[in-house]
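Now for the letters of each chain:
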Amino acid sequence: MAGARVTTELEHDAPDWVDAQGLAELTSARLASHRSAELWKYSSLPRASAALAATPYGDAISISAADELTATRFSQLTHNARAQVRSCVRDAIDQARYPLSAIVALKAGDGWLLETPRDVNSRVHIEHSKGAGIVILRIADNASVNLLEEITLGDAGGCLLLIALGRNAHLRHTRVSRGAAPCAWQLTHVTAADSATYELCASSLGSTLERFDCHVQLAGAGASARLSGAALVDDKTHLDQQLVIEHAHPHTESTTRFHTLLRGKARSTFNGRIHIHPGAHGAAASLTNRNLALDEGAEVNTKPELEIYNDDVRCSHGATVGSLDDEAIFYLLSRGIDQERARQLLCEAFLSECLEESGSDTARDSLMEVLRRA
Amino acid sequence: MTLLAIDNLHVTVQGKPILKGLDLTIETGEVHAIMGPNGSGKSTLANVLAGRPGYDITEGSVVFRDAPLSELEAAERAHRGLFLAFQYPVEIPGVSNMEFLKAANDSLCAARNEEPAAAVAFMKRVRAIASELDLDPEFLKRGVNEGFSGGEKKRNEILQLLLLQPTLAVLDETDSGLDIDALQTVSEGVNRFRGAHNAILLITHYQRLLDHIVPDHVHVLSDGRIARSGDRHLAEKLEAEGYAWLAQG
Ligand SMILES: Nc1ncnc2c1ncn2[C@@H]1O[C@H](COP(=O)(O)OP(=O)(O)OP(=O)(O)O)[C@@H](O)[C@H]1O
Ligand SMILES: [Mg+2]
């Protein structure tokens with residue numbers, strides 16, 4: 001069984017800044033739990049954990065950051081800072097929802113702590129091309145950061161990206177995933193303090209097994225998140241996107257729009273869960289997931305979930321699975337545009353529509369290039 | 001020269017006979033108007049000419065510029081110079097109008113072995129046509145017909161007509177939904193297009209349009225056939241008396 005093999009490797013490789021005691025057993029228990037089975041209904045958890053456990057030990061992330069932002073390896077941190085990192089990583093691992101966190105934490109070797117001072121504008125580029133890694137990004141009050149994250153895994157890899165936004169801080173996160181890995185997993189965990197804004201603009205191409213967990217905690221009054229994700233999943237490729245957005249404070253807002261285009265026998269899973277806590281008066285949340293299947297034999301599992309413990313909120317959510325609009329195709333054909341180009345225009349429109357508001361050309365271009373290739 | 005020759009055309013839509021022996025010949029340089037009650041088959045004729053799937057020709061023939069239309073795909077018909085201004089233009093969110101126009105223009109150029117216009121020159125030309133039609137250039141950036149009002153959609157159809165310069169333009173109720181000023185603007189556009197080397201088939205319910213775009217021939221379509229043909233005065237008679245008198249012959 002995959003669980004057993006994981007245990008031995010974890011004990012062997014535990015780096016000193018991770019609280020390794022009991023972690024391996026905990027992980028094994030989690031991998032085997034019912035909860036995990038439910039959350040990993042459409043992606044194989046045993047396969048993912050085995051693949052991640054077999055990745056070579058050592059940090060695999062490269063960072064280039066502007067001057068205002070300090071980037072420090074965990075191994076170079078002071079004793080106190082290291083204790084902080086340890087507790088931050090432990091918090092991520094403690095979440096029973098993410099059983100792979102511990103494996104990635106233990107496999108990562110060293111990690112990166114990225115910090116901005118208050119009131120600055122900065123930018124950072126993260127590249128993840130192999131293995132396991134951990135990045136902690138702390139954006140201080142009133143600071144604003146532009147993050148470009150590129151995932152180009154050729155082999156199995158996983159990443160913990162733990163983000164903390166201070167008061168009124170802003171993060172614009174462009175995430176481009178275009179690897180071709182037997183297994184790619186990531187947890188992006190965001191905590192946003194009062195009036196902070198988190199903006200995600202993601203594009204993905206899927207992999208043999210690709211899973212993206214994104215957990216946003218709107219943990220201060222007026223904090224907001226705008227998440228958009230476009231994906232192009234090709235024949236025999238898999239993409240599983242799991243979002244959790246927690247509204248824990250008053251007047252928090254979130255808008256989520258994910259579009260997935262499937263070709264051939266692609267498999268896509270989307271789960272978007274909006275959780276409005278009792279204290280979140282005046283919260284507003286909307287979530288849309290649209291899927292467009294071009295061929296017979298594609299598989300789409302989509303489930304928007306709302307969990308609301310408050311009357312005073314505005315929420316909407318919806319999911320659709322469809323095919324190309326025949327009326328629109330005919331309109332284009334009637335203008336002399338050939339069948340193939342007509343379909344391509346509609347596919348491009350479907351994907352760019354969801355990235356439009358965020359206006360990220362990087363995320364868009366990565367998809368369009370692939371779309372035009374075939 | 002004969003542009004379009006329709007002979008004894010029978011068309012069924014989802015097994016239901018709609019056109020039942022329609023004859024119509026259009027020569028270059030001519031403007032034909034087709035009037036007729038709701039549901040008589042006017043849009044069906046327009047759609048079958050444009051090649052919409054689901055419209056089956058069960059009998060008769062349509063020849064367009066010496067080619068049997070049934071042998072041509074919808075896009076090939078456009079390449080050959082056929083254009084349909086839709087009664088209900090579809091909205092295509094996410095495909096910008098300008099991008100769409102460029103794709104259409106490039107396709108037609110490719111089919112004619114012409115070099116397509118460079119992007120800047122092309123955009124300039126499109127903007128000029130838009131301004132002739134009192135269409136705000138902002139519409140060119142929006143998705144095709146996305147959120148356009150009824151009248152704006154119709155003007156967008158005529159913009160395409162003027163840009164793509166087809167040989168045969170079929171205008172399906174382009175006047176409905178237009179306010180009085182827009183009707184004037186659109187008619188002027190169509191009249192600019194009108195020429196010795198092309199032809200127009202106007203489908204309309206209203207004589208008013210025919211005051212602006214004066215037809216050479218007027219036909220009444222009733223129950224899937226041309227019930228009466230005449231000159232522009234036929235339209236005036238219809239306007240005054242309705243369709244009931246046709247039944248009495
Ligand atoms: N897809 C379809 N399925 C079934 N019936 C159809 C379909 N399309 C058209 N019809 C029927 O064919 C007949 C002719 O329709 P058509 O749209 O050609 O009429 P029209 O003359 O253009 O009417 P109007 O003046 O209202 O635009 C109508 O009875 C209509 O209900
Ligand atoms: Mg009609």
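Student: Quick question: what am I supposed to make of the pattern of salt bridges here?
Tutor: Pairing between side chains of opposite charge can happen when their charged atoms approach one another. A complete count under the given rule lists 24 salt bridges over all chains for this structure. Where Glu150 of chain A meets Arg178 of chain A, a salt bridge forms, and the shortest distance between an N and an O atom there is 2.4 Å. In this pair, Glu150 of chain A sits in strand E6 (residues 144-151) while Arg178 of chain A sits in the loop between strand E8 (170-177) and strand E9 (184-192), placing the two residues 28 residues apart along the sequence. Of the charged contacts in the structure, one is a salt bridge between Glu327 of chain A and Arg52 of chain B, with a shortest N-O distance of 3.0 Å. Of this pair, Glu327 of chain A sits in helix H7 (residues 326-333) while Arg52 of chain B sits in the loop between helix H1 (42-50) and strand E4 (55-64), placing the two residues on different chains. Judged by its relative accessible area of 41%, Glu327 of chain A falls in the partly exposed class. Each of the salt bridges in this network shares a partner with another, and the network as a whole consists of Arg172, Glu199 and Arg226 of chain A.

Student: How should I be thinking about the interface of chain A and chain B in this particular structure?
Tutor: Where interface size is given, it is often the accessible area lost as the parts come together that is meant. Taken together, the contact between chain A and chain B spans 17 residues of the former and 31 residues of the latter. Together chain A and chain B conceal approximately 1,900 Å² of surface at their shared face, both sides included; 67% is due to carbon and sulfur atoms. Three residues stand out in chain A for area buried against chain B, namely Phe330, Tyr331 and Arg335 of chain A, and they jointly supply 43% of the buried area on that side. Between the two partners, chain A and chain B, sit two salt bridges. Run the count over chain A and chain B and you get nine residue pairs in polar contact (both at pLDDT 80 or more). Mapped onto the side of chain A that touches chain B, the elements with two or more residues apiece are H7 and helix H8 (339-355) of chain A. If one sorts the elements of the side of chain A that touches chain B by residue count, H7 of chain A sits on top with six residues. Taken together, the residues of the side of chain A that touches chain B break down into nine nonpolar, two polar and six charged.

Student: Any chance you could explain the sheet that holds strand E1 (residues 61-65) of chain A here in plain terms?
Tutor: Each strand in a sheet pairs with its neighbour through backbone hydrogen bonds, running either in the same direction (parallel) or in the opposite one (antiparallel). Residues and elements named next belong to chain A. If you trace the nine strands from one edge of the open sheet to the other, you get E1-E4-E6-E8-E10-E12-E14-E16-E18, paired in mixed fashion. If you trace the sheet from one side to the other, it starts and ends with E1 and strand E18 (314-322), each paired once. Averaged over neighbouring strand pairs, the angle between their axes works out to 5° when direction is ignored. Strand direction decides the pairing type here: E6 and E8, joined by eight bridges, are parallel. Along E8, the bridge assignment pairs Glu149 with Arg175.

Student: Sorry if this is basic, but what is going on with the confidence of the model for chain B here?
Tutor: Detailed reading of the predicted model is not advised wherever pLDDT is low. Summing up the model confidence of chain B, the mean pLDDT is 94 and the portion of residues at 70 or higher is 99%. Across the interface, the model reports ipTM at 0.96; the global pTM reads 0.88.

Student: I would appreciate a short explanation of the nonpolar core in the present structure.
Tutor: Considering soluble globular proteins, one finds that nonpolar side chains tend to be buried as a cluster. Ranked by internal contacts, the top residues of the largest apolar core, which has 110 residues, are Leu45 and Leu49 of chain B. Ranked by residues supplied to this core, first place goes to H8 of chain A with nine residues. Not counting residues up to four positions away in its chain, the partners in contact with Leu49 of chain B are Leu4, Ile6, Val62, Leu69, Arg77, Leu82, Val170 and Leu201 of chain B. Counting residues in each nonpolar core, the second largest holds 44 residues, with Ala196, Leu243, Phe270 and Ala283 of chain A among its members.

Student: Help me out: how do you make sense of the site of ligand 1 in this one?
Tutor: All names here are of chain B. Surveying the vicinity of ligand 1 reveals 16 residues, the closest of which are Gly39, Lys42, Ser43, Thr44 and His205. Here an oxygen atom of ligand 1 and a backbone polar atom of Gly41 are 3.1 Å apart. Starting from 630 Å² of accessible surface for ligand 1 in isolation, the protein chains cover 67%. Of all the secondary-structure elements, those providing two or more residues to the shell around ligand 1 are strand E2 (16-27) and H1. Across the shell around ligand 1, the residue classes break down as four nonpolar, nine polar and three charged.

Student: Would you take a moment to explain helix H7 (residues 180-193) of chain B for this structure?
Tutor: For an α-helix the count is 3.6 residues per turn, leaving residues at separations of three or four pointing the same way. All names here are of chain B. End to end, H7 covers 20 Å across 14 residues, agreeing with the expected 20 Å (1.5 Å per residue, within 8%). For H7, the set of buried residues is Ala182, Leu183, Thr185, Val186, Ser187, Gly189, Val190 and Phe193. Against the buried residues of H7 lie helix H4 (119-132), helix H6 (150-164), strand E9 (168-172), strand E10 (199-203) and helix H8 (207-212). Regarding H7, its N-cap is Asp179, as a side-chain oxygen of that residue lies 3.0 Å from the backbone nitrogen of Asp181 further along.

Student: I would appreciate a short explanation of the packing of aromatic side chains in the present structure.
Tutor: Describing an aromatic ring pair means giving the distance of the ring centres and the angle of the ring planes. Residues and elements named next belong to chain A. Across all of its chains, the model carries five aromatic pairs over all chains by this definition. Measuring from ring centre to ring centre gives 5.4 Å for Phe258 and Phe270, while their planes differ by 40°; the resulting arrangement is tilted. Here the residue Phe258 occupies a position in strand E14 (residues 253-262), and Phe270 occupies one in strand E15 (residues 267-276), the gap between them amounting to 12 residues. The exposure classification of Phe258 matches that of Phe270, with both residues buried. A cation over an aromatic ring shows up here: Arg73 above the ring of Trp112, its NZ or CZ 4.3 Å from the ring centre.

Student: Sorry if this is basic, but what is going on with the packing of H7 of chain A against H8 of chain A here?
Tutor: For any two helices packed against each other, the geometry is given by the interaxial angle and the distance between the axes. Residue and element names in this part refer to chain A. At a closest axis distance of 9 Å, the pairing of H7 and H8 adopts a crossing angle of 130°. Classified by the interaxial angle, the pair formed by H7 and H8 is oblique. Crossing of H7 against H8: the hand is right-handed. Every residue of H8 that contacts H7 at Ala328, Ile329, Leu332 and Leu333 is listed here: Gln339, Ala342, Arg343, Leu345 and Leu346. Split into classes, the residues belonging to the contact of H7 with H8 amount to seven nonpolar, one polar and one charged.

Student: Whenever I open this one, the coordination of the magnesium ion (ligand 2) confuses me. Can you help?
Tutor: The textbook angles at a metal center are 109.5 degrees for a tetrahedron of four donors and 90 or 180 degrees for an octahedron of six. Residue and element names in this part refer to chain B. Protein coordination at the magnesium ion (ligand 2): the donors are Ser43 (OG) and Gln87 (OE1), at 2.0 to 2.2 Å from the metal. Taken together, the positions of Ser43 in helix H1 and Gln87 in the loop between strand E6 (82-85) and strand E7 (92-96) put the pair 44 residues apart, joining distant regions of the chain. Residue Ser43 is classed as partly exposed on the basis of its relative accessible area of 22%.

Student: Please clarify how the pairing of strand E12 (residues 225-230) of chain B should be interpreted in this entry.
Tutor: Look at any regular strand and the pattern is simple: side chains alternate between the two faces of the sheet. Residues and elements named next belong to chain B. Where strand E11 (residues 217-222) and E12 come together, five bridges link them in antiparallel fashion. Across the sheet, the residue bridging to Ser222 is Arg225, located in E12. Connecting E11 to the next strand, E12, in antiparallel fashion are two residues, including Asp223 with a positive phi near 50°.

Thresholds, definitions, all that
Residues numbered from 1 in each chain as written. Chains lettered and ligands numbered in written order. Predicted model: local features only at pLDDT ≥ 70, side-chain atom pairs only at ≥ 80, totals over all residues. Heavy atoms only, no water. Salt bridge = Lys/Arg side-chain N within 4 Å of Asp/Glu carboxyl O. Helix = DSSP H or I, 4+ residues; strand = E, 2+ residues; numbered from the N terminus. Buried < 20%, exposed > 50% of the residue type's maximum accessible area, 1.4 Å probe, protein only. Contact = heavy atoms within 4.5 Å. Buried area = accessible area lost by both parts, 1.4 Å probe. Polar contact = N/O pair within 3.5 Å; in protein donor to acceptor, adjacent residues only side chain to side chain. Nonpolar A, V, L, I, M, F, W, Y, C, P; charged D, E, K, R; others polar. Pairing = 2+ DSSP bridges. Axes fitted to C-alpha atoms, helices over the stretch in contact; angles between N-to-C directions. pLDDT = per-residue confidence, 0-100. Core = buried A, V, L, I, M, F, W, Y, C linked by side-chain atoms within 4.5 Å. Near = heavy atom within 4 Å. Areas by Shrake-Rupley, 256 points an atom, 1.4 Å probe, with all protein chains shown as cover. Expected span 1.5 Å × (residues − 1). Phe/Tyr/Trp six-rings, centres within 6.5 Å; stacked < 30°, edge-to-face > 60°. Lys NZ or Arg CZ within 6 Å of the ring centre and 35° of its normal. Parallel < 35°, antiparallel > 145°, perpendicular 65-115°, else oblique. Left-handed = near helix turned anticlockwise from the far one by under 90°. Donors = N, O, S within 2.8 Å, 3.2 Å for Na, K, Ca; no water.

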